[in-house]
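Given next are the chains, with one letter for each unit.
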Amino acid sequence: MKHLQTFSITRRLPWTTAALLAGGLVAVWSPKANADTAQLQTLLQRNNCTACHLIDKRKYGPNLNEVAARYAGHAGAVAMLATKIRAGGSGVWGEDMMPPQANVSEADARAMAELILALKP
Ligand code: HEC
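We now turn to the structure provided with this report. Along each chain, residues carry numbers from 1 onward, in the same order as the chain's sequence is written. Since the coordinates come from a predicted model, pLDDT governs what is reported: local features require at least 70, and pairs of side-chain atoms require 80 or more to be given and counted, while whole-chain, interface and lining totals use all residues. No hydrogens and no water enter the side-chain calculation; it runs on all heavy atoms of the structure.

Description of the coordination of the iron atom of the ligand
Here comes step 1: Looking at the metal site, the iron atom of the ligand is ligated by His53 (NE2) and Met98 (SD), spaced 1.9 to 2.1 Å from it.
Here comes step 2: Per-residue accessibility, obtained with a 1.4 Å probe over protein chains only, is compared with the maximum for each type, and a residue is labelled buried under 20%, exposed over 50%, and partly exposed between these values. Assessed through its relative accessible area of 23%, Met98 is described here as partly exposed. For Na, K and Ca the donor cutoff is 3.2 Å, while for all other metals N, O and S atoms count as donors only within 2.8 Å; water does not appear among the atoms, so some sites may look incomplete.

A short note on the packing of helix 4 (residues 77-87) against helix 5 (residues 106-117)
Here comes step 1: All axes are obtained by fitting lines to C-alpha atoms, using only the stretch in contact for helices, and the reported angles, taken between N-to-C directions, cover 0 to 180 degrees. Helix and strand assignments follow DSSP, with helices taken as H or I runs no shorter than four residues and strands as E runs no shorter than two, numbered in order from the N terminus. Where helix 4 meets helix 5, the closest approach of the two axes is 8 Å, and the angle between their N-to-C directions is 125 degrees. Taken together, the axes of helix 4 and helix 5 are oblique relative to one another. The two elements helix 4 and helix 5 meet at a crossing, and its hand is right-handed. Across from Ala77, Val78, Ala79, Leu81, Ala82, Ile85 and Arg86 in helix 4, the residues of helix 5 making contact are Glu106, Ala109, Arg110, Met112, Ala113, Glu114, Ile116 and Leu117. Roughly parallel means an angle under 35 degrees; roughly antiparallel means over 145; roughly perpendicular covers 65 to 115; every other angle is labelled oblique. Crossing handedness: left-handed means the near helix sits turned counterclockwise from the far one by under a right angle, and right-handed means the same turn made clockwise. Any two residues whose heavy atoms approach within 4.5 Å are treated as being in contact.

Details of the packing of aromatic side chains
Here comes step 1: When two rings of Phe, Tyr or Trp (its six-membered ring) have centres within 6.5 Å they constitute a pair, described as stacked for plane angles under 30 degrees, edge-to-face for angles over 60, and tilted for the intermediate range. Evaluated as defined, the whole model comprises zero aromatic pairs.
Here comes step 2: To sit over a ring, a charge needs its Lys NZ or Arg CZ within 6 Å of the ring centre and within 35 degrees of the ring normal. Lying across the ring of Trp93, Arg70 places its NZ or CZ 4.5 Å from the centre.

Let's talk about helix 4
Here comes step 1: By the burial criterion, the buried members of helix 4 are Ala77, Leu81, Ala82 and Ile85. Around the axis of helix 4, the buried residues are gathered within 130 degrees of arc, so they sit on the same side.
Here comes step 2: Residues of helix 4 that are buried in the fold lie against helix 3 (64-71) and helix 5.
Here comes step 3: Just beyond helix 4, the residue with positive phi is Gly88, at close to 75 degrees. Taking the helix axis as origin, the arc is that swept by the directions to the C-beta atoms.

Here it is in structure tokens:
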């Protein structure tokens, strides 16, 4: 009986190794995306954007994955969004108004614009 058990463990070993390797690859592959999303989340919370925006669900304002999709490949989108983040506005996503966010620093606005546009919807 004992040798049978050993046998089945050796048989399973390649799969276990493969699973561990695959897990390791995923872990090595995704940290950048995850780190960026976490950084964006921190900035959104710090600047109270989460009152109206979520990354993956529509709240009062457009969800930020939609924003990323809309401006994918647009030249000048970072600067345009950074300005809009601080100035607010309406008419792009509907009639709802985004109030000016005067307390948001230029650096945060630019960082959030870059991170939003880097989302992979
Ligand atoms: C009171 C709710 C509210 C808050 C707070 C708010 N937004 Fe908005 N946001 C909106 C609405 C509504 C729109 C859609 C405006 C439009 O259609 O032009 C919008 C649009 C946007 C857009 C897309 C702009 C475009 O022209 O496509 C971005 C990016 C954005 N918001 C980021 C932010 C960030 C970052 C913050 C935090 C500093 C923030 N918003 C705070 C309501 C809000």
